[in-house]
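Letter by letter, the chains look like this.
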Amino acid sequence: LQKIGSDAFSYNQALTYVYIPESVTQIGHHAFWDTVYKENKELKGVTEINVARSEDDFKDSVKTGNNWRPQYDYLLFKKSINVVYGSERKAG
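Now for a quick tour of the structure. (Residues numbered from 1 in each chain as written. Predicted model: local features only at pLDDT ≥ 70, side-chain atom pairs only at ≥ 80, totals over all residues. Heavy atoms only, no water.)

## Structural notes on the overall build of the protein
Here's step 1: Of regular secondary structure, the protein possesses one helix and ten strands.
Here's step 2: The C-alpha radius of gyration computed for the protein amounts to 13 Å, which stays within 12% of the reference 12 Å derived for 92 residues, consistent with globular compactness.
Here's step 3: Among the 92 residues that make up the protein, the fraction classed as buried is 30%.
Here's step 4: Across the protein, the mean location of the 12 positive side-chain charges is 4 Å away from that of the 12 negative side-chain charges. (Helix = DSSP H or I, 4+ residues; strand = E, 2+ residues; numbered from the N terminus. Rg over C-alpha atoms; globule rule 2.2 N^0.38 Å. Buried < 20%, exposed > 50% of the residue type's maximum accessible area, 1.4 Å probe, protein only. Lys, Arg positive; Asp, Glu negative; His and termini not counted. Charge placed at Lys NZ, Arg CZ, Asp CG, Glu CD.)

## A short note on the sheet that holds strand β6 (residues 48–51)
Here's step 1: Pairing in this open sheet of three strands is parallel, and the strands run β2-β6-β10 from one edge to the other. Edge positions in the sheet fall to β2 (19–20) and β10 (82–85), since each has one partner strand and no second.
Here's step 2: By the bridge criterion, two bridges tie β2 to β6 in an arrangement that is parallel. Of the residues in β6, the one forming a bridge with tyrosine 19 is asparagine 50. (Pairing = 2+ DSSP bridges.)

## Re the environment of phenylalanine 32
Here's step 1: You can see phenylalanine 32 is positioned in the loop between β3 (26–27) and β4 (36–39).
Here's step 2: For phenylalanine 32, a relative accessible area of 1% puts it in the buried group.
Here's step 3: For the pair phenylalanine 32 and aspartate 7, spaced 25 residues apart in sequence, the C-alpha to C-alpha distance is 6.6 Å.
Here's step 4: Ignoring any residue separated from it by four or fewer positions in sequence, one finds phenylalanine 32 in contact with Ile4, Phe9, Leu15, Val18, Ile20, Ile27, Ile49, Trp68 and Pro70. (Contact = heavy atoms within 4.5 Å.)

## Some details on the environment of proline 70
Here's step 1: Among the structural elements, proline 70 can be located in the loop between β7 (63–64) and β8 (71–74).
Here's step 2: As for proline 70 and asparagine 82, which are separated by twelve residues in sequence, their C-alpha atoms are 8.8 Å apart.
Here's step 3: Non-local contacts of proline 70, meaning those with residues more than four positions away in its chain, are made with Phe32, Thr35, Val36, Val46, Ile49, Lys79, Ser80 and Ile81.

## Thoughts on the nonpolar core
Here's step 1: Counting 15 residues, the largest nonpolar core has Ile4, Val18, Ile20, Ile27, Phe32, Ile49 and Trp68 as the members making the most contacts within it.
Here's step 2: The contact partners of isoleucine 27, leaving out residues within four places of it in the chain, are Ile4, Ile20, Phe32, Phe58, Val62, Lys63, Thr64, Gly65 and Trp68. (Core = buried A, V, L, I, M, F, W, Y, C linked by side-chain atoms within 4.5 Å.)

## Observations concerning the sheet that holds β3
Here's step 1: Ordered by their spatial adjacency, three strands build an open sheet running β1-β3-β7, and the pairing between neighbours is parallel. Edge strands, defined here as strands with exactly one partner in the open sheet, are β1 (3–4) and β7.
Here's step 2: Looking at chain direction, β1 and β3 are connected through two bridges and run parallel. Across the sheet, the residue bridging to lysine 3 is glutamine 26, located in β3.

Next comes the structure, spelled out in structure tokens:
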């Protein structure tokens with residue numbers, strides 16, 4: 001996998017886990033837009049993005065579009081989902 005296109009997973013609230021391998025060099029705008037939502041005062045869906053690369057390597061090597069990662073945005077509450085750099089892929 002080298003490219004995750006713009007709007008690739010937008011509005012897919014069934015998605016709960018994202019792992020971006022080292023092979024990815026491009027992530028389009030709004031790739032994971034609206035994949036996080038609030039239910040019973042708890043954020044659900046994609047609540048973090050796991051990335052194989054280190055933070056510096058990711059920033060130097062991966063071209064990202066605007067708002068590529070999920071953001072919960074409702075009225076005055078805005079929260080960008082955390083990116084966990086240097087992650088290993090979960091089994092299963």
